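Topology and contacts: notes
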Amino acid sequence: MESIEYELLNAACNCYDACHKDFKETIEMISNARGLNPKFTEALLIAVKARYSNTKEYQRLRKRLPEEFPI
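Given the structure is predicted, the values throughout are model-derived calculations rather than measurements.

Overview of the side chain of Glu5
Tracing the chain through its elements places Glu5 in helix 1 (residues 3-19). The exposure class of Glu5 is buried, given its relative accessible area of 5%. A polar side-chain atom of Glu5 sits 2.4 Å from a polar atom in the side chain of Arg51. Discounting chain neighbours no more than four positions away, the residues touching Glu5 are Leu44, Leu45, Val48, Arg51 and Tyr52.

Considering the nonpolar core
Counting residues in each nonpolar core, the largest one holds 19 residues, and the members touching the most others are Leu9, Ile30, Leu45, Val48, Leu65, Phe69 and Ile71. Among the secondary structure elements, those contributing two or more residues to this core are helix 1, helix 2 (23-34), helix 3 (38-52) and helix 4 (56-62). Counting residues per element, this core draws most heavily on helix 1, which supplies seven residues. Discounting residues that sit within four places of it in the chain, Ile30 has contacts with Leu8, Ala11, Ala12, Cys15, Thr41 and Leu45.

Quick notes on the rules
- Residues numbered from 1 in each chain as written.
- Predicted model: local features only at pLDDT ≥ 70, side-chain atom pairs only at ≥ 80, totals over all residues.
- Heavy atoms only, no water.
- Helix = DSSP H or I, 4+ residues; strand = E, 2+ residues; numbered from the N terminus.
- Buried < 20%, exposed > 50% of the residue type's maximum accessible area, 1.4 Å probe, protein only.
- Polar contact = N/O pair within 3.5 Å; in protein donor to acceptor, adjacent residues only side chain to side chain.
- Contact = heavy atoms within 4.5 Å.
- Core = buried A, V, L, I, M, F, W, Y, C linked by side-chain atoms within 4.5 Å.

Limitation: the analysis is restricted to geometry and does not speak to function.
Following this line, the structure appears as structure tokens:
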């Protein structure tokens with residue numbers, strides 16, 4: 001996983017752990033904190049799922065998020 005991919009997925013986990021907001025609000029918070037467009041962040045994280053869903057690192061992080069999150 002590229003560093004930005006890991007950083008954003010980890011940030012989504014940390015944000016959700018702290019706030020327990022829904023997917024859209026989580027994406028907006030981590031995007032705003034980094035000066036990124038939320039659509040870019042969402043697209044990148046969906047691509048991370050497609051590329052890395054079979055890796056241990058992705059699966060470890062993914063377990064920290066609700067099942068309904070599409071990432």
